[in-house]
Amino acid sequence: MMRIRSFFLFRKYTFLTFVVLLLLLALILMSLRVKQRKGVDFFDALLIESCSPFLKASTFVIHTIQGIFQNYVFLVSLQEENKLLKQRVVELQKEIGELRETALAKERVQNLLQFREKISLSMIAAEVIGQDPSSWFKSVTINKGEKDGVRKGMAVISPEGVIGQILKTGPYHSTVLLITDYNSAIDSVVQRTRAKAIVEGKGESRCQLKYLLRTEEVTIGDIVVTSGLNGNFPKGLLVGEIRKVEKAGQGIFQNAELAPSVDLAKLEEVLIITESSLPLQEEKVKNKKKTIGIQKKK
Amino acid sequence: MILPLFLGIFFITLQTTLFTPLSIQRVRPDIVLVLTLYLGFSCPVISGGIIAFFLGYLMDLFSGNTFGLYTFSRVFIFCVAYFFKDRFYLEGFLSRFLFAFSLALVEGVLILVLLNALNPKLPGHLFPLFFNILLPQSFFTGLVTPPLFSLFNRGLLPLSNRHGVR
């Protein structure tokens, strides 16, 4: 009788016990992440890898459907006028679409290759396969992981400039924290004045320049580049352009807003810097000038 | 338990791929949240709770969130839905809409509070996002909830415990 009674009591409290356990588990996980700034690495990698094929497949399907719509469906109403012409138009459109897509892809790859050669850093090219599922954070998922040499904290760039850094890694896939995420911070300098500042994410395709001294003369349109002090990012990479400067209020710092040089909403291919010990274009030019100066003096 | 799990993964995939180009100013309905709410109404506490936990974990994994906020918030939302399942009659469009809308808002506030607690240097400009993003997103989430609940009732219910959303 007691057993039956205790069983019913257990059933009565199952909901409460389980809910408390689950919430506790989630809280423990959260505190672990806050402390170490990382999750349960093995599970993270396992889950990223098991879900990434779905992302890849979905991206492929979306691109295919987009292609079909661009090449066929939008032309249907025009094609009714002439059945013979319709067939021909569709075929030609399809061909043009494919050629355009190939040409654009080729151009992008060429740009990437030229950029890669120009800055002579060890880099890996990767494709963006997914975006952040939430609205609070800014990240993308790419199709390269630890097996390809990708490690946490590595810089992610494109020919147009800085994109972000690797946040989480799986064996074959990784998550990139974009520079517009409020968790992102990159040590930078204003190219014209060499004023030092930290570029922090502000969300909604904007960043802000923090710790920029009030005495520094920066204006709208000034270009901001990486300082190279961060470790992950080599010196001289384009970060963005200053769009707003505010000196209101008191204090030793001024506020500035920055538009990233890369359109982060249209990312398709990215480059991951695996080694940042070599100097970049900006440094190379400087070094060249120095050597010319020395030679002239001699 | 398997079907809602795969459906959740499918929804996360949709949210990270298809919904991104379709979103207006990053505002898009959170269909994973709708599924979590449905689980709260129709699934037993143990299996539903585990799926909600797993889906939250996946959300954290594919987002730029390093704290694991969604793992907590999705379990919390599941519990709230489970707690209210016999107290609400969610048959009509409006009741389903209002329920999802209010819980989406609750989750947003919870995330902001947790972010504020875990990150003392939280930039102030995240708070205006409550009006710019959270309100319209919760509205859209509320809008898609009634048709999705009807679909779930047809598709998931025969395979789960046949409670459904009444």
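Colleague: Run through the overall build of chain B, naming residues and quoting values.
Modeller: Scanning chain B for helices and strands turns up seven helices and zero strands. Secondary structure elements of chain B, listed N to C terminal, follow the sequence α-α-α-α-α-α-α. Within chain B, the fraction of its 166 residues that count as buried is 63%. The contacts of chain B with a sequence gap of at least 6 include a subset with a gap of at least 24, amounting to 75%. Here chain B displays about 6600 Å² of accessible surface, and carbon together with sulfur accounts for 73% of that area.

Colleague: Lay out the overall build of chain A with the relevant residues and their values.
Modeller: On a plain count of helices and strands, chain A comes out with five helices and 12 strands. Buried positions account for 41% of the 298 residues belonging to chain A. Residue pairs in contact within chain A that sit at least 24 positions apart in sequence constitute 59% of those at least 6 positions apart. Summed over all atoms, the accessible surface of chain A reaches about 17200 Å², with 60% contributed by carbon and sulfur.

Colleague: Report on the environment of F6 of chain B, specifying residues and quantitative values.
Modeller: Take F6 of chain B: it is sitting in helix 1 (residues 2-16). You can call F6 of chain B partly exposed: its relative accessible area is 44%.

Colleague: Which residues make up the packing of aromatic side chains, and what values do they have?
Modeller: All names here are of chain B. In this structure the tally under the stated criterion is 14 aromatic pairs over all chains. When the centroid spacing of 5.4 Å and the interplanar angle of 80° are considered together, the rings of F97 and F139 count as edge-to-face. Separated by 42 residues along the polypeptide, F97 in helix 6 (residues 93-118) and F139 in helix 7 (residues 129-155) bring together distant segments of the chain. On the basis of relative accessibility, which here comes to 11%, the residue F97 falls in the buried class. Measuring from ring centre to ring centre gives 6.2 Å for F139 and F140, while their planes differ by 70°; the resulting arrangement is edge-to-face. Accessibility expressed as a relative area gives 32% for F140, which makes it partly exposed.

Colleague: Quick rundown of the packing of helix 4 (residues 45-62) of chain B against helix 5 (residues 69-84) of chain B? Include the residues and the values.
Modeller: All names here are of chain B. Where helix 4 meets helix 5, the axes come as close as 7 Å, and the angle between the chain directions of the two elements is 150°. By the angle class used here, helix 4 and helix 5 are roughly antiparallel. Remark: the crossing between helix 4 and helix 5 carries right-handed chirality. Contact residues: helix 4 offers V45, G48, G49, A52, F53, G56, Y57, M59 and D60, while helix 5 offers L69, Y70, T71, R74, V75, F78 and Y82. Along the lines of polarity and charge, the residues of the contact of helix 4 with helix 5 split into 10 nonpolar, four polar and two charged.

Colleague: Could you give an account of the pattern of salt bridges, naming the residues involved and the relevant values?
Modeller: All names here are of chain A. Here the structure, examined in full by the defined rule, presents nine salt bridges over all chains. Residue D222 pairs with R192 through a salt bridge whose shortest N-O separation is 2.8 Å. Of the two residues, D222 is situated in the loop between strand 8 (206-213) and strand 9 (223-226) and R192 in the loop between strand 6 (185-190) and strand 7 (196-203); the sequence distance between them amounts to 30 residues. With a relative accessible area of 6%, D222 lands in the buried category. One salt bridge in this structure joins K266 and D263, with 3.7 Å as the shortest N-O distance. The exposure class of K266 is exposed, given its relative accessible area of 64%.

Colleague: Could you give an account of the interface of chain B and chain A, naming the residues involved and the relevant values?
Modeller: Counting residues at the interface gives 52 residues for chain B, matched by 49 residues for chain A. Summing the contributions of chain B and of chain A, the shared interface buries around 4800 Å²; its carbon and sulfur component is 72%. Linking chain B to chain A there are zero salt bridges. Mapped by element, the contributors of at least two residues to the side of chain B that touches chain A are helix 1, helix 4, helix 5, helix 6 and helix 7 of chain B.

Colleague: Outline the sheet that holds strand 9 of chain A, supporting the account with residue identities and numerical values.
Modeller: Sheet strands associate in pairs through backbone hydrogen bonding, adopting either a parallel or an antiparallel arrangement. All names here are of chain A. Spatially, the six strands close up into a barrel ordered 6-7-8-11-10-9, and their pairing is antiparallel. Shown here is a sheet whose adjacent strand axes are inclined to one another by a mean of 45°, direction ignored. One ladder, built from five bridges, connects strand 6 with strand 7; its direction is antiparallel. Directly across from V189, in strand 7, lies its bridge partner K196.

Colleague: How would you explain the side chain of T17 of chain B if you had to name every residue and give the values?
Modeller: Mapped onto the elements, T17 of chain B comes out in the loop between helix 1 and helix 2 (19-22). Residue classification places T17 of chain B among the buried positions, given a relative accessible area of 7%. A distance of 2.6 Å separates the side chain of T17 of chain B from the backbone oxygen of T13 of chain B, its partner in a polar contact. Here T17 of chain B is in contact with L55, S58, T59, I62, I129 and G130 of chain A, once residues within four sequence places are set aside.

Definitions and limits used
- Residues numbered from 1 in each chain as written.
- Chains lettered and ligands numbered in written order.
- Predicted model: local features only at pLDDT ≥ 70, side-chain atom pairs only at ≥ 80, totals over all residues.
- Heavy atoms only, no water.
- Helix = DSSP H or I, 4+ residues; strand = E, 2+ residues; numbered from the N terminus.
- Buried < 20%, exposed > 50% of the residue type's maximum accessible area, 1.4 Å probe, protein only.
- Contact = heavy atoms within 4.5 Å.
- Areas by Shrake-Rupley, 256 points an atom, 1.4 Å probe, with all protein chains shown as cover.
- Phe/Tyr/Trp six-rings, centres within 6.5 Å; stacked < 30°, edge-to-face > 60°.
- Axes fitted to C-alpha atoms, helices over the stretch in contact; angles between N-to-C directions.
- Parallel < 35°, antiparallel > 145°, perpendicular 65-115°, else oblique.
- Left-handed = near helix turned anticlockwise from the far one by under 90°.
- Nonpolar A, V, L, I, M, F, W, Y, C, P; charged D, E, K, R; others polar.
- Salt bridge = Lys/Arg side-chain N within 4 Å of Asp/Glu carboxyl O.
- Buried area = accessible area lost by both parts, 1.4 Å probe.
- Pairing = 2+ DSSP bridges.
- Polar contact = N/O pair within 3.5 Å; in protein donor to acceptor, adjacent residues only side chain to side chain.

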